[in-house]
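Geometric and topological summary
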Amino acid sequence: MMPPRRAAWTMLPTSLVALLSACGGSVDVTTPPSTIPYLVYTHDASKLLPDTGSISIAPTGTPATISPRGSLTIAADGRASWGAGLNGGVTAYHHPQAKHLPYAAMLCMSGLGGKDNRKAIHILVAAVAEVVSTAAALAEQRFDSSFDDCADDTASESLRFDSAGNLLRRTTRQPGGPGVTTAYTATEVDRMLGRDGLTEIGITTRLQAFRLSVDGAPRYVLVEQRSSAAQAAASYLILWKQ
């Protein structure tokens, strides 16, 4: 029986590489990546268009540098802590190429308002995620977990897409309260997924949806930006996951 193949990223001595080359052989000397690329969404952007960013690969317990700002440290027990100017953050799922890094993350800073002096300034989504651009592609999906300014809003809001991509948004202001359900047609959802978003009563809502694979199962995340043309400081981000 052949022995199992060793994991990638094994570095060979320079002398061995030279010897193999001299004998007409070849060897894979691929260098492991030092960073993982992400798409970066910003709370006060005029359009929900991403910039490019990254998170460096660092050992457990060592701060990993985040571009555009901040750092993320993953402890041995999997807990995340934030630094280098960030006062909080949220992670969602595990990156398929670096299991200790998140598939999506929300970054928060102080001094900009928000909840409990935390303001979500960026949401990062792994660049390998598949972009979903139509309401029809979100048919039958449910989003029961949401994060606003790095606070868990799961008890306050939920999203439901029906078989045609129409959306029901349920908002509950008080635990156990009756809540309010707002309905959006698939056409309106398509506008939210477009660059200009859907504007109602001076508030513009934009969505970006992503499909990803988590432990072999399909999962979705949503980036939501709500902004006011009259009050730029009122713009905020929400991270949705299933």
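Notes on the structure follow. What you see is a predicted model; the values in this text were computed from it and never measured.

**Quick look at the overall build of the chain**
- The secondary structure content of the chain amounts to two helices and 19 strands.
- Here the chain, with 242 residues, has 41% of them falling under the buried criterion.
- Taken as a whole, the chain presents about 13,000 Å² of accessible surface, with 54% of it coming from carbon and sulfur.

**Quick look at the pattern of salt bridges**
- Going through the model one piece at a time under the given rule, you end up with seven salt bridges.
- Residue arginine 211 pairs with glutamate 130 through a salt bridge whose shortest N-O separation is 2.7 Å. Of this pair, arginine 211 sits in strand E17 (residues 203-214) while glutamate 130 sits in strand E9 (residues 130-132); the two residues are 81 residues apart in sequence, bridging distant segments of the chain.
- Arginine 211 sits in the partly exposed class, given a relative accessible area of 23%.
- The network of salt bridges with shared partners includes Glu157, Arg169, Glu224 and Arg226.

**Observations concerning unusual backbone geometry**
- A positive phi angle, near 60 degrees, is found at tyrosine 93, a position not held by glycine.
- Counting through the fold element by element, tyrosine 93 comes out in strand E6 (residues 88-95).
- Taking the relative accessible area as the measure of exposure, tyrosine 93 reaches 17% and is therefore buried.
- Phi at aspartate 149 is positive, roughly 55 degrees, even though this residue is not glycine.
- Residue placement: aspartate 149 occurs in the loop between strand E11 (145-148) and strand E12 (151-152).
- Classification of aspartate 149 by relative accessible area gives buried; the value is 7%.

Rules used throughout
- Residues numbered from 1 in each chain as written.
- Predicted model: local features only at pLDDT ≥ 70, side-chain atom pairs only at ≥ 80, totals over all residues.
- Heavy atoms only, no water.
- Helix = DSSP H or I, 4+ residues; strand = E, 2+ residues; numbered from the N terminus.
- Buried < 20%, exposed > 50% of the residue type's maximum accessible area, 1.4 Å probe, protein only.
- Areas by Shrake-Rupley, 256 points an atom, 1.4 Å probe, with all protein chains shown as cover.
- Salt bridge = Lys/Arg side-chain N within 4 Å of Asp/Glu carboxyl O.

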